[in-house]
Amino acid sequence: MSTIFHRLARLVRHRWAERQLNQALPVAVLAELEQLIAQSELRHTGQVCICVEAGLPWSYIWGHATPRQRALSLFSKLRVWDTEHNNGVLIYLLMADHAIEIVADRALHRTMGQEQWQTLISDMRSAFKGGHYAVGLRGALERVSRQLEERFPRLPGKRDTTHDELPDMPVVERHLPGR
């Protein structure tokens, strides 16, 4: 009985978070992040994807899925893993669980230590606690972009069409009925 109660309580919490999403990340902030991603990708060969969900889909809640499992699923669904240089990165935020996950493809993952990722996540968490979602995401994007520029710079004059393999607009997943 308590398992069903916990699932239902989690479902309510996740659906309730849907209402906070527009306040946390208004359209203007999403447009700004899209521009920052596009500018960033002109300086390196990596691909950056930001994905924000207020809450998990029902099937993930019912199956006791973790935010990490959802991030890995979206890494695949959004094809971040399928970039030319294997250096894509997903910055994932699950608002209902206050969870932040960063999933990096093979080439980028090999060049950055776990401590660097944890520091980045900690800084994002601090910004989010104060309700500064735009600041936290901008900072994360800036730091990830810097890492990509250092390790995978776009060489001037070299013809490379990989700068726009993935859409630059942050992905906002919504799970309320009728949306």
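Residues numbered from 1 in each chain as written. Predicted model: local features only at pLDDT ≥ 70, side-chain atom pairs only at ≥ 80, totals over all residues. Heavy atoms only, no water.

Novice: Describe the confidence of the model for the protein chain, naming the residues involved and giving the relevant values.
Specialist: Averaged over the protein chain, the pLDDT score is 89; the fraction of residues at 70 or greater is 93%. For the protein chain, helix α1 (residues 2-24) is the element with the lowest average pLDDT, namely 81, and helix α4 (residues 67-77) is the one with the highest, namely 97. (pLDDT = per-residue confidence, 0-100. Helix = DSSP H or I, 4+ residues; strand = E, 2+ residues; numbered from the N terminus.)

Novice: Outline the packing of aromatic side chains, listing residues and values.
Specialist: Inspection of the entire model under this criterion finds 2 aromatic pairs. An angle of 25° between the planes, with centres 4.9 Å apart, marks the rings of F128 and Y133 as stacked. Here the two residues F128 and Y133 agree in accessibility, since each one is buried. Between the NZ or CZ atom of R70 and the centre of the ring of Y60, over which it lies, the distance is 4.7 Å. (Phe/Tyr/Trp six-rings, centres within 6.5 Å; stacked < 30°, edge-to-face > 60°. Buried < 20%, exposed > 50% of the residue type's maximum accessible area, 1.4 Å probe, protein only. Lys NZ or Arg CZ within 6 Å of the ring centre and 35° of its normal.)

Novice: Which residues make up the pairing of strand β2 (residues 88-94), and what are the values?
Specialist: The element β2 is extensively covered by neighbouring structure, given that 7 of its 7 residues are classed as buried. Side chains of β2 alternate between two faces, with G88, L90, Y92 and L94 and V89, I91 and L93 buried alike. Where strand β1 (residues 47-53) lies against β2, 7 bridges are found, and the strand directions are parallel. Within β2, the position partnered with V48 by the bridge is V89. Of the pairings in the sheet, the one linking β2 to strand β3 (residues 99-104) comprises 6 bridges and is antiparallel in character. Across the sheet, residue I91 finds its bridge partner in β3, namely I102. (Pairing = 2+ DSSP bridges.)

Novice: Break down the sheet that holds β2 for me, citing the residues and quoting the values.
Specialist: Spatially, 4 strands are ordered β3-β2-β1-β4 in an open sheet, and the strand pairing comes out mixed. Edge positions in the open sheet fall to β3 and β4 (171-173), since each of these has one partner strand only. Pairs of neighbouring strands in the sheet enclose a mean axial angle of 15°, with direction left out of account. Contacting β1 and β4, helix α2 (residues 27-41) runs over the sheet at an angle of about 160° to β1. (Axes fitted to C-alpha atoms, helices over the stretch in contact; angles between N-to-C directions. Contact = heavy atoms within 4.5 Å.)

Novice: So what about the pattern of salt bridges? Which residues, and what values?
Specialist: The full count for this structure, using the stated rule, is 14 salt bridges. Note that R143 and D123 form a salt bridge whose closest N and O atoms lie 2.3 Å from each other. Linking R143 in helix α7 (residues 133-151) with D123 in helix α6 (residues 114-129), this pair joins segments that are 20 residues apart in sequence. With a relative accessible area of 26%, R143 lands in the partly exposed category. Its relative accessible area of 39% is what places D123 among the partly exposed residues. Salt bridges linked by common partners bring E53, R70, K77 and E173 together as one network. (Salt bridge = Lys/Arg side-chain N within 4 Å of Asp/Glu carboxyl O.)

Novice: I'd love a proper account of the nonpolar core, names of residues and values included.
Specialist: Core analysis: the largest hydrophobic core is formed by 36 residues, its most contacted members being V89, W117 and L137. Among the secondary structure elements, those contributing two or more residues to this core are α1, α2, β1, β2, β3, α5 (106-111), α6 and α7. Per-element tally for this core: the top contributor is α7, with 7 residues. Counting 18 residues, the second-largest nonpolar core is a separate cluster that includes Y60, A65, F75 and L90. (Core = buried A, V, L, I, M, F, W, Y, C linked by side-chain atoms within 4.5 Å.)

Novice: Describe in detail α6, supporting the description with residues and values.
Specialist: For α6, spanning 16 residues, the distance from its first C-alpha to its last is 22 Å, which sits close to the expected 22 Å at 1.5 Å a residue. Of all the residues in α6, the buried ones are W117, L120, I121, M124, A127 and F128. On an axial view of α6, the arc spanned by its buried residues comes to 120°, and they lie on one face. Residues E115, S126 and K129 are exposed on α6 and point more than 90 degrees away from its buried face. Where α6 is buried, its residues touch β2, β3, α5 and α7. Backbone geometry just downstream of α6 places G131 in the positive-phi region, at approximately 80°. (Expected span 1.5 Å × (residues − 1). Arc of directions from axis to C-beta.)

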